[in-house]
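# Tertiary structure, described
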Amino acid sequence: MQIGTSLTHFLIESQRAHKAASGDFTLLMNDIVSACKVISSYVNKGNLIGILGSAESENIQGETQKKLDVISNDVFTNTLMQGGQVAGLASEEMDDVYHLPATAQRGKYLCVYDPLDGSSNIDVNVTVGTIFSVLHAPEGVANPAEAEFLQPGTEQVAAGYCIYGPSTIMVLTTGDGVNGFTLDKDIGEFMLTHPNITIPEDTSEFAINMSNQRFWDAPVKRYIDECLIGKEGPRGRDFNMRWVASMVAEVHRILTRGGIFMYPIDSKHRERGGKLRLMYEANPMSMIVEQAGGLSITGPDRIMSLAPQKLHQRVPVILGSKNEVQRVWDYHKA
Ligand code: P6P
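Residues numbered from 1 in each chain as written. Predicted model: local features only at pLDDT ≥ 70, side-chain atom pairs only at ≥ 80, totals over all residues. Heavy atoms only, no water.

Counting its regular elements, the protein chain contains 8 helices and 16 strands. A compact globule built from 334 residues should have a C-alpha radius of gyration of about 20 Å, and the protein chain, at 19 Å, falls within 12% of that. When the backbone C-alpha atoms are referred to their principal axes, the protein chain occupies close to 65 × 45 × 45 Å. The proportion of buried residues among the 334 residues of the protein chain is 55%. Expressed as a percentage of contacts within the protein chain between residues at least 6 apart in sequence, the contacts between residues at least 24 apart total 64%. Working note: accessible area of the protein chain is about 13,900 Å², and carbon and sulfur atoms make up 50% of it. Seen as two clouds, the 29 positive and the 39 negative side-chain charges of the protein chain have centres 4 Å apart. (Helix = DSSP H or I, 4+ residues; strand = E, 2+ residues; numbered from the N terminus. Rg over C-alpha atoms; globule rule 2.2 N^0.38 Å. Buried < 20%, exposed > 50% of the residue type's maximum accessible area, 1.4 Å probe, protein only. Contact = heavy atoms within 4.5 Å. Areas by Shrake-Rupley, 256 points an atom, 1.4 Å probe, with all protein chains shown as cover. Lys, Arg positive; Asp, Glu negative; His and termini not counted. Charge placed at Lys NZ, Arg CZ, Asp CG, Glu CD.)

Okay, the UniProt feature "binding site: substrate" (unreviewed entry) in the protein chain next. In this structure's numbering, the residues bearing the UniProt feature "binding site: substrate" (unreviewed entry) are D117, G118, S119, S120, N209 and K275. Looking only at the residues we just named, the second largest pocket is lined by D117, G118, S119, S120, N209 and K275. In this structure, N209 sits in the loop between strand 10 (205–208) and helix 5 (218–229). Once residues within four sequence positions are removed from consideration, N209 is found in contact with W216, W243 and Y263. Among the polar contacts made by the side chain of N209, one reaches the side chain of S211 at a distance of 2.6 Å. With respect to the secondary-structure elements, K275 resides in the loop between strand 12 (260–263) and strand 13 (276–277). Residues within four places of K275 in sequence aside, it is in contact with Y263, H269, R314 and V315. (UniProt positions renumbered as here; feature names shortened; annotations may be inferred. 1 Å grid on protein atoms, 1.4 Å probe; cavity = no way out; pocket = protein on both sides within 12 Å on 5 of 7 lines; lining within 4 Å. Polar contact = N/O pair within 3.5 Å; in protein donor to acceptor, adjacent residues only side chain to side chain.)

With that out of the way, let us pick up the pairing of strand 5 (residues 128–136). For strand 5, the buried fraction is high: 8 of the 9 residues fall into the buried class. Pairing of strand 4 (residues 109–117) with strand 5, which is carried by 7 bridges, proceeds in the antiparallel orientation. Bridge pairing in strand 5 places D114 opposite I131. The pairing of strand 5 with strand 6 (residues 158–164) spans 7 bridges and is classified as antiparallel. What sits directly across from T130, in strand 6, is C162. (Pairing = 2+ DSSP bridges.)

Written out as structure tokens, the structure reads:
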């Protein structure tokens, strides 16, 4: 579809292409779009309406919740609950799966989300985003339990994020490529601006939190050391580094110009299994990256093949340009 198509039109055309489609997914996506527009508005207003800073509460991760974390979670949860297209919800900000009120209409999807990823950046006005993953709900189950959410990434119906940066951009895949839509706030519509996104297979830019260097395992130490040696070493070229501490910003940069993002296992996070969460960070971002021609691994394994054990399970994440991630994968097999 050509640049300038609205996301609404794009979804309707996509529905038409799937003859059997009931339209329920289109309605769910419209709910997600509505929630992200509201979150974008709150994020952009920030302290003008006094919503930055701490909510004086903690989530299951033991992280202090920012006011905007809680507000974003409420917006996303209530919008999808009222939209009638889901049978259950789960969020980084809610300890347990969310059961809809008895009177609420149920639908055939589950949605798992990080309503405001990178929120530690909110107070310093750095880019944050919403990450979401859509799964099939089990037939005829009024209140799906945690077990029904624990589906491997390969089972995702759709995945996406909305990045709240200089522009608000919705990036979405339903398993048939990746497309990006920029919010035109004058008309309140997301417009197709990044059709058929593909990640360059090679890169000279890595993203990792270097302060954890002494905790890394040997394969990651080897890879980063070679990048740092640059053209005098085995890579034969110099590398650049970025670290925003906002996964949505890192992934969007990689989709736009290539790169490799690494939050590997390390001795500091080994007990917890890693830093990032499988169900609402690693899996949706892995679907997007793979659909855009990249790779996404834990180090030894493909992330989307993992069988989830717990809703808030953490995993190591190494994703991005195919040839760089493959090199790290090979170092883990060496
Ligand atoms: P660190 C944000 O809290 C997050 O979950 C990801 O968005 C980001 O990539 C990572 O953690 C940043 O971690 O240890 O650098 O603060």
